[in-house]
Amino acid sequence: MEGMEGRLEDGVCYRLHLAGEPRPSGETSQQRLEQILALLASPCGNYIWHNEPFNLTLRSSVGEVPAHIGGVTNFGDNVDDEWFIVYLIQRVSKEFPDLVASIEDNDGEFLLIEAAEYLPKWLNPETSTNRVFFYHGKLHIIPLPQNPGEVSWLPVSNPTLPQALSLLATHSEKCLAAGPIREAVDKRIHSFPGKIRDNQHQAYCYVPAGIAAVLKHRPDLLAPAVQAFYLRDPIDLNACRIFKIFQPDTRVMTLVTFTKCLYAQLQQQRFIPDRRSGYTLPAQSDKHFKAHELGMKLAHGFEILCSKSSQPVAKTESGISTQSNPHWKGFLSSLTKSDYFKGELEGSAHYRELLRTAEIYFQQSVVKPESSSAFNPGENILHLLQTLCYSAEELKKEEDNLPPEDDNSWLVISPEELDHMLEEASGKKLLNSVSPEERYDLQEVTESMKAFVSKVSTHEGAELPWYEVQIFKQFSSYTDERMQEGEPSTTETLENLRDYMKQMDLELASTNIGKSFTKTGSDRSKTIVEAGNESETESERNVETHPVDVDLNLVQNLLQSYSSQTGLAGPASNILQSMGVRLPDNQEN
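All chains use their own residue numbering, which begins from 1 and follows the written sequence. In keeping with the predicted nature of the model, local features appear solely for residues at pLDDT of at least 70, side-chain atom pairs appear and are counted solely at 80 or more, and the whole-chain, interface and lining totals rest on all residues. For side-chain calculations, the full set of non-hydrogen atoms in the structure is used, while hydrogens and water are omitted.

- The protein has the name Ecdysoneless homolog (Drosophila) in an unreviewed UniProt entry, where Callorhinchus milii is given as its organism.

Here is the structure:
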């Protein structure tokens, strides 16, 4: 997609187009945008984005790309944010049947990467441009023409975006992706939105009262604070030698909701605060040590954010101004029509909570993309500290009624759990999960190698070696010339070749080369070579030859090569693993 090039890594770009219909007027597009945002308000309202939030804006036409609704999100280290956006885009295409959705990241069509095992051979990064879309909630892939009849409606080369949108509107059934491809993608997103709670972790944190109040009102500000601490540098820590905003003497115990990714980043980093900061930690044996440590790290993150902000956001630029935004009224109307407030009476406590969540979501998805400079997280924190009414004493009283925190044993994964996760991801049973008797089948090794050698290849993969084809062609042309000259036919020539090969086998049987192969039907020790004063012809007749056991020799050579790798990567293990075969560890020693 245009616009993805030159962007930071870990970014995802998404677009919503009309399928083969006239472009709407600006007013209709704005109404559609408000309806889409209202649809996604419930799953996105309390979602904690790792880096940048999901956002949608109206985009003007550029070149062959028509006007559309789109956005770009840098999801950072949390890939679950990217797949959550896939879920959102897929849901929009399902609820709005006239919309076609496309999504791409810095790796390109990453949906195809997820279903790589099931893709047709012709589909690769060069041929996938403007072919992969969500339409009616299902994944569609515009195919290549397979016969002359399809050339009339399918472009031979990559379609332009207008061509693709028109094809989906007129031939959507023929463009529907194959079942296994759709299932592979659906497997990654079917657990949303329920997975949102599964990806969260609630933990006790001993933080200054100001941080507890801010997170209670704006839980989304947790992510930039964690990132500020996680990506800190010595210059950032200068602000934390002496805390000016979040002094340690106001600390209270509170329950903080993290994403698992944010919690792991904060928990796994070792950090000793500056003595001048006033933050001290109890002994590690103390039952509240973890809460004190997490709170101390959070305090450093919030202090770093605020130190980078010269002044708080003005009241006219803050969330209070959301309702004065020209798009807010239409968005609120769409929320009401979509039953976002669930019948709550206007002015009730639950209604106000839902309205506050909707305002935060509106800021992230609409206002922030239009004016990101006005929404620096540090400035928002400073503004909230000035406007929120909170009491450290009241927050201390709430400590006794805090719900229990979540167990963090998920941070440690056993080998068995890792195998189970890999099995779920690949859909295949791993070697360690089957009985020893079922693990290794030498017949499977030989059959896999034979299949590998028999494959037909191109410059992109292993196939029948090109020189065999050339030799066959040269041999055919040679025998044809011999026949024209009245010489023996092809059949006679092949018989002569067989006799020649048989003679060569007889000669090699008594050499070290011949003795190095394991034979079938007889032990190697039974191979007899008559000695004495016999003639050479008589000696050859007395050589007892047996066919070479190709399968056994193949396995022996593979095992010898594998053993010589001494546990390191090498040609034998690489070839076998590419065929899905894993040999056992060498137990010789």
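There is more to say, and it comes next.
## So, the overall build of the protein
So, point 1. Think of it this way: any DSSP run of H or I at least four residues long counts as a helix, any run of E at least two long counts as a strand, and we number them from the N terminus. For the protein, the helix and strand inventory stands at 25 helices and eight strands.
So, point 2. A 1.4 Å probe rolled over the protein chains alone gives each residue an accessible area, and that area as a share of the maximum for its type sets the label: buried under 20%, exposed over 50%, partly exposed in between. Across the 589 residues that make up the protein, the buried fraction comes to 42%.
So, point 3. Pairs at least 24 residues apart make up 76% of the contacts formed inside the protein by residues separated by at least 6 positions.
So, point 4. Of the roughly 33,500 Å² of accessible surface on the protein, a fraction of 51% belongs to carbon and sulfur atoms. By definition, residues are in contact when any of their heavy atoms lie within 4.5 Å. Values of accessible area rely on a 1.4 Å probe in the Shrake-Rupley scheme; residue burial ignores everything except the protein chains shown.

## Observations concerning the pattern of salt bridges
So, point 1. Salt bridges are defined as contacts in which a side-chain nitrogen from Lys or Arg sits within 4 Å of a carboxyl oxygen from Asp or Glu. By the definition in use, this model includes 13 salt bridges.
So, point 2. Between Glu-293 and Lys-297 there is a salt bridge; the shortest N-O distance is 3.7 Å. Linking Glu-293 with Lys-297, this pair stays in helix H12 (residues 289-307), spanning four residues, or about one helical turn.
So, point 3. Classification of Lys-297 as buried rests on a relative accessible area of 0%.

## Side note on the environment of Arg-15
So, point 1. Tracing the backbone shows Arg-15 in strand E1 (residues 11-18).
So, point 2. According to the relative accessible area criterion, Arg-15 is buried, its value standing at 9%.
So, point 3. A C-alpha to C-alpha distance of 8.1 Å links Arg-15 and Val-100, two positions 85 residues apart in sequence.

## Some words on a negative patch on the surface
So, point 1. Only residues above 30% relative accessible area that lack a salt bridge enter a patch, with like-charged residues linked at up to 9 Å and the nonpolar side chains Val, Leu, Ile, Met, Phe, Trp and Tyr linked at up to 5 Å. Working convention for charge: Lys and Arg count positive, Asp and Glu count negative, and His plus the chain ends are omitted. Charge positions are represented by NZ for Lys, CZ for Arg, CG for Asp and CD for Glu. A cluster of acidic residues, Glu-9, Asp-10, Asp-77 and Asp-107, forms a negative patch at the surface.
So, point 2. Here Asp-77 lies in the loop between strand E3 (68-74) and helix H3 (79-95).

## Digging into the pairing of strand E4 (residues 99-105)
Each regular strand displays side chains that alternate between the two surfaces of the sheet.
So, point 1. The buried fraction of E4 amounts to seven of the seven residues, a majority that puts the element mostly inside the structure.
So, point 2. A pair of strands is considered paired only if DSSP assigns at least 2 bridges between the two. Note that E1 and E4 share seven bridges and pair antiparallel. Paired with Tyr-14 across the strands is Ile-103, a residue of E4.

## What about the sheet that holds E4?
So, point 1. The strand order E2-E3-E1-E4-E5-E6 describes an open sheet built from six strands, whose pairing is antiparallel. Strand pairing shows two members of the sheet lacking a second neighbour, strand E2 (57-59) and strand E6 (138-141), which therefore form its edges. Across the sheet, the axes of successive neighbouring strands diverge by a mean angle of 35°, strand direction being ignored.
So, point 2. Sheet analysis places E4 next to strand E5 (residues 132-135), joined by two bridges and oriented antiparallel. Bridge pairing in E5 links Ala-101 to Phe-134.
So, point 3. With axes taken as lines fitted to C-alpha atoms, and helix axes fitted only over the stretch in contact, angles between N-to-C directions fall between 0 and 180 degrees. Across the sheet, helix H5 (residues 161-170) is in contact with E1, E4, E5 and E6; its angle to E5 comes to roughly 40°.

## Things to note about the packing of helix H9 (residues 222-230) against helix H11 (residues 260-267)
So, point 1. Running from N to C, H9 and H11 point in directions that differ by 30°, and their axes come no closer than 10 Å. Here H9 is positioned roughly parallel relative to H11, judged by the angle of their axes. The handedness of the crossing between H9 and H11 comes out as left-handed. Contacts from Leu-222, Ala-223, Val-226, Gln-227, Phe-229 and Tyr-230 of H9 reach H11 at Leu-262, Gln-265 and Leu-266.
So, point 2. Broken down by class, the residue content of the contact of H9 with H11 amounts to seven nonpolar, two polar and no charged. These descriptions rest on fixed angle ranges, namely under 35 degrees for roughly parallel, over 145 for roughly antiparallel, 65 to 115 for roughly perpendicular, and the rest for oblique. Left-handed is the label given to a crossing in which the near helix is rotated counterclockwise from the far helix by less than a right angle, and right-handed is the label when the rotation is clockwise. Ten residues, namely Ala, Val, Leu, Ile, Met, Phe, Trp, Tyr, Cys and Pro, are considered nonpolar, four, namely Asp, Glu, Lys and Arg, are considered charged, and the remaining ones, Gly among them, are considered polar.

## Structural notes on a nonpolar patch on the surface
So, point 1. Together, Tyr-500, Met-501, Met-504, Leu-508, Ile-513, Phe-517, Val-548 and Val-550 make up an exposed nonpolar region whose accessible area comes to about 720 Å².
So, point 2. Mapping Met-501 onto the fold places it in helix H21 (residues 490-509).
So, point 3. We classify Met-501 as partly exposed; its relative accessible area is 41%.

## Some words on the side chain of Thr-259
So, point 1. Following the sequence through the fold, Thr-259 ends up in strand E8 (residues 251-259).
So, point 2. Aside from chain neighbours lying at most four places away, what touches Thr-259 is Ile-48, Asn-78, Asn-199 and Gln-200.

## What about the packing of aromatic side chains?
So, point 1. The criterion for an aromatic pair is that two Phe, Tyr or Trp rings (for Trp, the six-membered ring) have centres within 6.5 Å, with stacked assigned to planes under 30 degrees apart, edge-to-face to planes over 60 apart and tilted to the rest. Across all of its chains, the model carries 19 aromatic pairs by this definition.
So, point 2. Measuring from centroid to centroid gives 4.7 Å for Phe-243 and Tyr-279, while their planes differ by 55°, and the two rings are tilted. One end of the pair, Phe-243, is in the loop between helix H10 (234-238) and E8; the other, Tyr-279, is in the loop between H11 and H12, and 36 residues separate them in sequence.
So, point 3. Tyr-279 gets classed as buried once you look at its relative accessible area, which sits at 3%.
So, point 4. The rings of Tyr-47, Trp-49, Phe-84, Tyr-87 and Phe-192 are connected pair by pair, giving a single aromatic cluster.

## A look at H11
So, point 1. Buried residues dominate H11, accounting for six of its eight residues.
So, point 2. Residues of H11 that are buried include every one of Cys-261, Leu-262, Tyr-263, Gln-265, Leu-266 and Gln-267, and no others.
So, point 3. On its buried face, H11 is in contact with strand E7 (200-208), H9, E8 and H12.

## Comments concerning the pairing of E1
So, point 1. In terms of residue burial, E1 counts as a mostly covered element, since seven of its eight residues are buried.
So, point 2. Where E1 meets E3, six bridges bridge the pair, whose relative direction is antiparallel. When the sheet's bridge partners are listed, Cys-13 is paired in E3 with Val-72.

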